[in-house]
Amino acid sequence: MNSRLPARAILGAALLLACGGPALAAPAAAVEMPSAEALEQMLHLLETQSLYRDRVDWSDVRARLAAAGDDRAEQRRVLDEAATRGSGGHGRWISPSQQRERSGRAQRLNAGQGAALAESPNVDSRIGVLKVGPFVEDLQRSEQQRYDARKAYALALQQRIVDLDDGTRCAWMVDVSSNGGGNMWPMLLGLLPLLQGTPDAQGALIGAFRSADGLQWWRQGEGEVRQDGTQGLRSRQAAYRLRAGAAPVAVVMGAGTASSGEAVALAFRGQPDSRSFGQPSAGFSTGNRPVKLVDGTTLLLTHNVMADRNGQGDGSSLQPDQATASGPGTLNAAQAWLLAQPGCTGG
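What comes next is a walk through the structure. These figures come from a predicted structure and were not determined experimentally.

The rules behind the values
- Residues numbered from 1 in each chain as written.
- Predicted model: local features only at pLDDT ≥ 70, side-chain atom pairs only at ≥ 80, totals over all residues.
- Heavy atoms only, no water.
- Helix = DSSP H or I, 4+ residues; strand = E, 2+ residues; numbered from the N terminus.
- Buried < 20%, exposed > 50% of the residue type's maximum accessible area, 1.4 Å probe, protein only.
- Contact = heavy atoms within 4.5 Å.
- Areas by Shrake-Rupley, 256 points an atom, 1.4 Å probe, with all protein chains shown as cover.
- Axes fitted to C-alpha atoms, helices over the stretch in contact; angles between N-to-C directions.
- Parallel < 35°, antiparallel > 145°, perpendicular 65-115°, else oblique.
- Left-handed = near helix turned anticlockwise from the far one by under 90°.
- Nonpolar A, V, L, I, M, F, W, Y, C, P; charged D, E, K, R; others polar.

### Section: the overall build of the protein chain
Each helix and strand counted, the protein chain has eleven helices and 13 strands in total. By residue count, 49% of the 347 residues in the protein chain fall in the buried class. Taking the intrachain contacts of the protein chain between residues at least 6 apart in sequence as the baseline, contacts between residues at least 24 apart amount to 75%. Summed over its atoms, the accessible surface of the protein chain is roughly 15600 Å², and 51% of this surface lies on carbon and sulfur atoms.

Here it is as structure tokens:
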């Protein structure tokens, strides 16, 4: 599942004036728009498939686009507003320049994931700490390159677990407080040793997407995570099992936890010996599907809602099990709870 920074943050940043001077209007030619064919394709997708399509008057959108004439800036405002309302602020059209920017960001973030995993806050050494950062899809790469990148992220994360699981850890802390999203499957595959799926007739449930067609379950298997009816992500190298078999897990979350970061928090919700700490999440617990339009640009189409293994979830902000002050207060509360669990007390 793909993501972006919350629209509220982007809109706020756009209001800042460079160097304290007046904002300059961009030349009409500099305002990027999809081709006429792609625009119609995009409007059709948003009107028929976007999650909150009933919040938008699509006849009015088309009328305003026609009334804008050659005013590309006004056309873009109407388009972005429709995409934002139809997706609850999660989906959007990705322009060519944004696609290039996204590609560079994906390479920087994903390349730095190994270093981020090595960072651990000052907590008790009996607790294995996993700082799970975002994974951004580089949509300019081939599908095979993107799949390889997903596996590389997952294996790096799982290797962190392997390295920490040296017989001295009695509990684990999964920190998604700065995870703004991206593709959730590499995160879930990397965390597979810590996930205890809820069994049903077809496998082990760890969460779901809800759409008009009902629930599409997320499942875990031997070195595999998947959604019903899809391939998901798998690797024979990602089948590690904890020495203790199972251990308590504390999930650290907050306002910076969005989209796939929220998916990780949901995957642990309802798991025995798991508890979340921190502040409410960003409120983008919905699923995006990247759709390539006829002109080569991409629409991130928000089309379903995330749910936990019990089918609970409404697409809004997630509430932690224990609300705590941000920063050290959250880590201290999570640590205190973990060390009080039987696996750490010897009970």
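Having seen the structure, we can now continue with the description.
### Digging into unusual backbone geometry
The phi dihedral of Ser259 falls on the positive side, at around 55°, and the residue is not glycine. Within the secondary structure, Ser259 is located in the loop between strand 9 (249–253) and helix 9 (260–268). For Asp273, which is not glycine, the phi dihedral falls at a positive 60°. Residue Asp273 is classed as partly exposed on the basis of its relative accessible area, which comes to 45%.

### Re the packing of helix 3 (residues 58–67) against helix 4 (residues 72–87)
The relative placement of two packed helices is expressed as an angle between their axes plus a distance between the axes. Closest axis-to-axis distance for the helix 3/helix 4 pair is 9 Å, and the angle between their directions is 165°. It follows that helix 3 is roughly antiparallel to helix 4 by the angle criterion. Of the two elements, helix 3 crosses helix 4, and the hand of that crossing is left-handed. Facing helix 3, whose interface residues are Trp58, Val61, Arg64 and Leu65, helix 4 presents Glu74, Gln75, Val78, Glu81 and Ala82. Of the residues contributing to the contact of helix 3 with helix 4, the split by class is five nonpolar, one polar and three charged.

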